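The lines below spell out each chain.
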Amino acid sequence: MTDAKLIDGTVFSGKLRETIASRVAEMKGKHRITPGLAVVLVGEDPASQVYVRTKGKRTVETGMNSFEHKLPADTPEDSLLLLIDSLNKDPAVHGILVQLPVPKHIDTQKVIEAIDPAKDVDGFHPVNVGRLAAGMDALVPCTPLGSLLLLKDNLGKLGGLDAVVIGRSNIVGKPMAQLLIRESCTVTIAHSQTRDLPSVVRRADIVIAAVGRPEMIKGDWIKPGATVIDVGINRIDLPDGKTRLVGDVDFASAVKVAGAITPVPGGVGPMTIACLLRNTLVACARQHNLPEVEF
Ligand code: NDP
């Protein structure tokens, strides 16, 4: 059997960002509106700092305005909520993202619910969660949305396919399952208490791995020809003292069995930021009653 096709998220996300940039240029030219994304970072977590810097860079590259708010780790919850309130009211800001996790003294759910659902480009507000579940227009969390775009690009119509989502978090697993239901897949959601996970995964035409456990899903769990989307990002230590990023899927064995598979890095990762920009553009168009942006 030949190795699986590699689903290249770096190339796909690059094309998506080009499309977004041309829509932004059109919006600026025709309507004199520049979409704006505000990103709020509380504290100095090094990984979060890198994410925020990359988000800002990509936002500007597509022609949008980027507003970065860096607050000290000891910022009181009330001050953060006040900032969110001012961003909610700011007409130049169409999307608001508070980089998670926030420091422990701040209530994450309170922060999520303080963001205007119309500007909630992470799609975590209960209004957007509910709208997605009800099959209505919603701002959809970026990582599952990016995973879905890769799946559709690779498989076309997904209707009738068996999909297994491993992981039931609010940011990946649950919204991913909702998106797949919307595409008429038959969806199974697996989690830490699922019995005989290998046999559950073996039934699936589509496997979404969002567990956070390095290389847990083995090649002999995969149905031959299945499409595997590996959301996991895990840093592992190597014997020589260096580190390496791996997914939740054991790539070396899975690539021998799957029909198509995302690598880590270079699969779902770059899609997340591209979808954040897409959501900002969509939010901006809706706030100005402009025609819906289709992607
Ligand atoms: P969470 O820790 O919030 O959720 C993990 C899920 O995996 C839980 O539902 C948990 O089950 C389930 N799980 C844990 N152990 C097992 C097991 N042995 N068997 C079956 N299921 C298990 O993680 P996230 O959803 O936030 O993230 C998942 C992965 O995706 C991580 O590696 C993360 O780094 C990555 N990620 C990547 C992004 C990207 O941009 N590419 C963005 C976001 C996340 P239970 O609910 O029962 O505890």
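A quick note: this is a predicted structure, and the numbers were derived from the prediction, not measured.

Student: Would you mind showing me how to read the sheet that holds strand β3 (residues 65-71) here?
Tutor: By way of backbone hydrogen bonds, the strands of a sheet pair with one another, either parallel or antiparallel. Judged by pairing direction, the sheet is parallel, and its three strands sit side by side in the order β3-β2-β4 without closing on themselves. Both edges of this open sheet fall to β3 and β4 (95-98), since each of them pairs with a single strand only. Going from strand to strand, the sheet's axes swing by 15° on average, the running direction of each strand aside. Across seven bridges, the pairing between strand β2 (residues 36-42) and β3 is parallel. Residue pairing for β3: Leu-37 is matched across the bridge by Ser-66. Sheet contacts for helix α3 (residues 77-89): β2, β3 and β4; angle to β2, the most-contacted strand, approximately 180°.

Student: Looking at this structure, I do not really get the sheet that holds strand β7 (residues 206-209). What am I missing?
Tutor: With parallel pairing, the six strands of this open sheet are ordered in space as β1-β11-β8-β7-β5-β6. Each edge of the open sheet carries a strand with a single partner, namely β1 (5-6) and β6 (186-190). Direction of pairing for β1 relative to strand β11 (residues 260-261): parallel, over a ladder of two bridges. Across the sheet, residue Leu-6 finds its bridge partner in β11, namely Ile-261.

Student: How do you make sense of the nonpolar core when you look at a structure like this?
Tutor: Side chains of a nonpolar character, in soluble globular proteins, are inclined to be buried together. Ranked by size, the top nonpolar core spans 52 residues in total, and within it Leu-151, Leu-180, Ile-208 and Ile-229 carry the most contacts. Of all the secondary structure elements, the ones that give two or more residues to this core are α1 (9-31), β2, α6 (142-155), β5 (162-166), α7 (173-182), β7 and α10 (269-287). Here this core takes eleven residues from α10, the largest share from any one element. Among residues more than four places away in sequence, those in contact with Leu-151 are Gly-156, Leu-158, Met-176, Leu-180, Ile-206, Ile-208, Thr-227 and Ile-229.

Conventions we followed
Residues numbered from 1 in each chain as written. Predicted model: local features only at pLDDT ≥ 70, side-chain atom pairs only at ≥ 80, totals over all residues. Heavy atoms only, no water. Pairing = 2+ DSSP bridges. Helix = DSSP H or I, 4+ residues; strand = E, 2+ residues; numbered from the N terminus. Axes fitted to C-alpha atoms, helices over the stretch in contact; angles between N-to-C directions. Contact = heavy atoms within 4.5 Å. Core = buried A, V, L, I, M, F, W, Y, C linked by side-chain atoms within 4.5 Å. Buried < 20%, exposed > 50% of the residue type's maximum accessible area, 1.4 Å probe, protein only.

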